[in-house]
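# Descriptive analysis of the structure
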Amino acid sequence: MKLTWRRSPYEPLAQRWPLVPWPGQKLVEIELGVRWGPPESPSRILVPVSDIHVQRARSGFAPGMGEFKVHRVRFFNYVPVGIRCMAYNHQSHRLAVSRSDGTVEIYNLAANSFQEKFFPGHEGRSTEAMCWTKGQRLFSAGLNGDVIEYDLEKLSVKYSVDGFGGPIWSMAADPSGSYLAIGCEDGSVKLFHVAPDKIQLERTLERQKGRILSLSWHPSGTHIAAGSIDYVAVLDVKSGSTTQKMLMDRRHPGPHRRRCVVWGVAFLSDGTVVSTDSAGVVQFWDSETGTLMQTHPLSNSDVLSIAVAEKEDSMVVGTAEGTIFHFQLIASRSDGKQSQWVRTKPFQHHTHDVRCVAHSPTALISGGVDAHLVIRPLMEKVEVKNYDAALRKITFPHRRLISCAKKMQLLLFQFPQRLELWRLGATEAAGKNEDILPLSRNAEHLLQLKKKGPENICCSCISPCGSWIAYSTASRFYLYRMNYENNSVSIKRVSKVPKLLNSALQILFSADSTKLFVASNQGSLHVIQLSEGALKHLHSFPPQSGTSEATTLLAASPDGSWLAAAGPSSGVSVYDLKHLKPHCTVPAYNFPVTALAIAPGTNNLVIAHSDQQVFEFSIPQKQYTDWSRKVQKQGLHYLWLERDTPITHITFHPQKPTHILLHDTYMFCIIDKSMPLPDDKTPLFNQPSLREASENVRRRHAHAFKISKKFQPLLFMDLLDEDTLVAVERPLEDILAQLPPPIKRKKFGT
Amino acid sequence: MVNLRPRGPRRVLPIGPVVDQEDEREESDSEEEEADLEFPDGGPTMETVEEEEEEDEDENEAPEELTFASAQAEAKKDERRLRDALLRDKQLLKEKRKRREELFAEQKKRKLLPATLLEELTAAPQTIIKESLPRLGKGNTESENQEKKEEKMFRTRVKKRYVACRLKDQDLIDLRQQAAKGFIQKYLYGRGSNRTTVNQFLSLDNKRLPVKKPAVQFVNNNWGAERKQSAKKFKKQWMHKKKLASRRPNIT
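Residues numbered from 1 in each chain as written. Chains lettered and ligands numbered in written order. Predicted model: local features only at pLDDT ≥ 70, side-chain atom pairs only at ≥ 80, totals over all residues. Heavy atoms only, no water.

## Remarks on the interface of chain B and chain A
- With 37 residues of chain B at the interface, the matching set in chain A holds 52 residues.
- Taken as a group, Phe183(B), Tyr187(B) and Phe201(B) account for 16% of the area that chain B buries against chain A, more than any other trio of residues on that side.
- Here chain B and chain A share one salt bridge between them.
- The salt bridge partner of Arg195(B) is Asp353(A), with a shortest N-O separation of 2.8 Å. (Contact = heavy atoms within 4.5 Å. Buried area = accessible area lost by both parts, 1.4 Å probe. Salt bridge = Lys/Arg side-chain N within 4 Å of Asp/Glu carboxyl O.)

## Digging into the state of the cysteines
- This model, assessed by the stated rule, comprises zero disulfides over all chains.
- Between Cys356(A), a free cysteine, and Cys85(A), which holds the nearest cysteine sulfur, the sulfur-to-sulfur gap is 6.4 Å. (Disulfide = S-S within 2.5 Å.)

## Remarks on the confidence of the model for chain A
- Put simply, chain A has an average pLDDT of 86, and 90% of its residues get 70 or more.
- Predicted confidence is poor over residues 28–49 of chain A, with pLDDT under 50, and the contacts of this stretch with residues over four places away or in other chains come to 60 contacts. (pLDDT = per-residue confidence, 0-100.)

## Considerations on empty space enclosed by the protein
Residue and element names in this part refer to chain A.
- Enumeration over the complete set of coordinates arrives at seven cavities of 30 Å³ or more.
- Space inside the largest cavity adds up to approximately 330 Å³.
- Taken together, 24 residues make up the lining of the largest cavity; nearest its centre are Tyr78, Glu105, Phe118, Arg399 and Pro416.
- Elements with a minimum of two residues in the lining of the largest cavity: β7 (104–108) and β8 (114–119).
- Taken together, the residues of the lining of the largest cavity break down into 14 nonpolar, six polar and four charged. (1 Å grid on protein atoms, 1.4 Å probe; cavity = no way out; pocket = protein on both sides within 12 Å on 5 of 7 lines; lining within 4 Å. Points joined across faces, edges and corners; volume = space filled by probe spheres on them. Helix = DSSP H or I, 4+ residues; strand = E, 2+ residues; numbered from the N terminus. Nonpolar A, V, L, I, M, F, W, Y, C, P; charged D, E, K, R; others polar.)

## Describing the pattern of salt bridges
Residues and elements named next belong to chain A.
- Scanning the entire structure with this criterion turns up 21 salt bridges over all chains.
- A salt bridge links Arg72 to Glu729; its shortest N-O distance comes to 2.8 Å. In this pair, Arg72 sits in strand β4 (residues 66–73) while Glu729 sits in strand β59 (residues 724–729), placing the two residues 657 residues apart along the sequence.
- Since its relative accessible area comes to 8%, Arg72 is described here as buried.
- With relative accessibility at 0%, the residue Glu729 sits in the buried group.
- The salt bridge partner of Arg84 is Glu128, with a shortest N-O separation of 2.6 Å. Pair noted here: Arg84 is in strand β5 (residues 83–89) and Glu128 is in strand β9 (residues 127–133), with a separation of 44 residues, a long-range link.
- The buried category is assigned to Arg84, whose relative accessible area is 13%.
- When its relative accessible area of 10% is taken as the criterion, Glu128 is described as buried.
- One salt-bridge network, held together by shared partners, links Arg72, Arg74 and Glu729. (Buried < 20%, exposed > 50% of the residue type's maximum accessible area, 1.4 Å probe, protein only.)

## What about the nonpolar core?
All names here are of chain A.
- Counting 26 residues, the largest nonpolar core has Trp640, Ile647, Ile650, Ile660, Leu662, Cys669 and Phe705 as the members making the most contacts within it.
- The leading source of residues in this core is strand β56 (residues 667–672), at three residues.
- If sequence neighbours within four positions are ignored, Ile647 has contacts with Thr594, Ala595, Ala608, Gln612, Val614, Trp640, Leu662, His663 and Asp664. (Core = buried A, V, L, I, M, F, W, Y, C linked by side-chain atoms within 4.5 Å.)

## Focus on the pairing of strand β26 (residues 314–319) of chain A
All names here are of chain A.
- Of all six residues in β26, six are buried; the element is thus mostly enclosed.
- Burial of β26 is two-sided: the residues Ser314, Val316 and Gly318 facing one way and the residues Met315, Val317 and Thr319 facing the other way are all buried.
- For strand β25 (residues 303–308) and β26, the ladder comprises five bridges, and the chain directions are antiparallel. Within the sheet, the bridge partner assigned to Ile306 lies in β26 and is Val317.
- Joining the antiparallel neighbours β25 and β26 is a turn of five residues, in which Glu312 adopts a positive phi near 65°.
- Taken together, the five bridges between β26 and strand β27 (residues 323–331) define a ladder with antiparallel strand orientation. The partner of Ser314 across the bridge, within β27, is Gln328.
- Linkage of β26 to β27, two consecutive antiparallel strands, is achieved through a turn of three residues, within which Gly322 is found at a positive phi near 95°. (Pairing = 2+ DSSP bridges.)

## Some details on the environment of Leu304(A)
- If you trace the backbone, Leu304(A) turns up in strand β25.
- Take Leu304(A): its relative accessible area is 6%, and that puts it in the buried class.
- Sequence spacing of Leu304(A) and Gly431(A) is 127 residues, and the spatial spacing of their C-alpha atoms is 54 Å.
- Other than its neighbours up to four places away in sequence, Leu304(A) contacts Trp263(A), Gly318(A), Thr319(A), Ala320(A), Asp353(A), Val354(A), Arg355(A) and Leu188(B).

## Considering the pairing of strand β43 (residues 515–520) of chain A
All names here are of chain A.
- Most of β43 is tucked away: five of the six residues are buried.
- Strand direction decides the pairing type here: strand β42 (residues 504–509) and β43, joined by five bridges, are antiparallel. Across the sheet, Phe509 pairs through a bridge with Leu516, a residue of β43.
- In this antiparallel pair of consecutive strands, β42 and β43, the connection spans five residues, and Ser513 shows a positive phi of 60°.
- As judged from the five bridges shared by β43 and strand β44 (residues 525–529), these two strands associate in the antiparallel manner. Bridged to Val518 within β44 is His526.
- The antiparallel pairing of β43 with β44 creates a hairpin that spans four residues between the two strands, and Gly523 there sits at a positive phi of about 105°.

Shown next, in the form of structure tokens:
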């Protein structure tokens, strides 16, 4: 362990890199697995172990009510994987995003851009292209040569078909949605016919010389433009022959004469082919004659992606420097007869390569190697100028990746390819508000569990007592038994798992760690009894009639009598565990559920939705509680509703039944149901000012939502015991430091 | 006047000016005349010419004539001499090489024998292969058991050239996929791409601020790793030496 350099007095407090320790903080070096760039790039980073803060979380009437010791954890080395390709579906306003490890995520852009569905990745898969065909079917193709269809109901891979052309570089669906064209490594463009249950290879068009890196269909479905290395070819679909071949001249800047790679191509309905290549130019070609009509040199580095709006009056391109450019068709004469493509706006929201872009009717969407998903609404397309017209940047996950065993103070971190178990540090000191307490025992990395097989981990959980760890990939379920003696940890795999547990979408342990609840991808819920020797399958709840949707969230009541399960679009179903039968269903809401929890004692189910609405449903009475009705009647504060990130975890205080603790990425809130609700005129974030104010002012202005923005960006927050909280943070700079090398930017004076 | 060093035998020049045939009269006169006024003593060529004059009085005019045949013969002699020398050198090198090869073969033979014994200890019994083993010429003097062992060892060594691997493991390491990934890596991050490290990228803003700050990662702890390691080793050795020296009683 070693301390690093001190901070200079001129640095602003917001600067966090290099990781300057607080006085008394210890740092641990972590070896990074991947080295990028020249040898001087860091292969080890310094990560602080958790240190303990004392913070008065909120000030209520009773002094000392809201004082917590906070374990501030920063050793969760979460690095999001870069985005490789995306596809926008106009009918359902959904965006399918694929990352470089094969993970596919589906964002519902109409529901506050919430990540609804998640398909874990696979080591052998590396997706290069995705597309939607008619009937909301999603296909992806990658370098392993397969075309994969995803089952959006069951959240699994339906099947994969070999393309027989080597690695597949690009894929496009024709406008009618009945054909799929793929561009392969060997230079062939293959057509697949999309049948209701699977796809079938129909024929191969004329084979080209180099690998086909980009494809685009003409809106009429008669021609395909294929971009390869040094040329763009226009193929006639009916005959399969090449009608036109446009050669790029090798104007690659710089001393290295490299070939010009056409990364993106788009075919417009008037016969114009737009090509973007590695020389940094966007060129407009006439496909009839094969001549170059316009050329726009954008940058010195590659222009990697292009997307055209449905109306074909605007398009967006993304470059390797992280800039996206907006092109618009502007009438050049006053009577509007002639129009020209003009480059209008550059946007710099990324630091690394922008590998894919999409154009929705009102927004430009881009994603790249820096793992941000940026949604930029276009001002001229937005009707109402409200908060929806603001820039959205999605970096942190919308699901919970961390589980906590409260009694043993253990945290289980879920990475795509391993699990890490840490024990939190301890302190004996006491302090007042905003003090940093020294650790008497440091946080320990107890266990690293690598996944078996090529598939990534889908979900994981640790039991509250800490002695069971379960995780699941897309095809197998793993359960481990843990043993803690003195200072050592031993782990043993439970091999006799019931056969029906072949894979799980969600795993949850009951509060007393005797039962395991597994939501399988067939739609059913299994209840398993845990014991030392073997597992006993107690019951399986079949999927709700009417919907065979997969369950994405589970919550169990602390007394062990109720279980709540939520899917992406159906209502929340509640099951009675004592009698093992379904109990009731909360009425469906048109926004997906982001977090679920059941309160101890009152057995109220608290549900958070992606539009930031919070509902409280009483399970024994099968109706919404009075408090929830009150909130709905008055409506939530407008600042609360304008939050960007969804609530990912809800928890309760065992001694204080009126408190609900919830958090999203940038704030942590305690809702006190006994206090009055704020209306739009009162300031929502008034905790810091109320702390200094006098008793009278406090009584007048205090309201139910006590929000703290001290810990940001939060990945997880939980209540360990009466006066201890754990907050897992992930500063953005730590993620940035581990990304691949970006393009060099030359700034004057450096 | 400059007294140049005496030059070697050379053609004799007439003292007087060389004149054309028209001035034959002057020729005879020139012989009688003394040297120019410029060189009253006769000049630099005087002495040698005088000597030569005594020797080669007949050869005043034309240089010696060599016949073509004699010159050719001389050239041929030289060539032959050179060729012979080259051939001799080549022969010498060849012999040297041969000797070295033999030496190596012998060394290999010597080395091979204990290795074969070791392999025989670990290898499983195989079917008998009938082969002539010239390398075991040295081992011929040993007992028959050892010969059999060597044969067995030779057999196992032959089989060890094949390695079995599961196709299931090979599935994920698709060569084509690797080549495709290499293509992307080459074009986006390869030679001509203008890439920089994340550290330099983030530090660019620090340099433009009104109060200039150091780079984001200012100290690189990986520099000179080898030197640091060798320094550590040296330090340990030095301390050990000092410890030993202090323990040993100093007998004076």
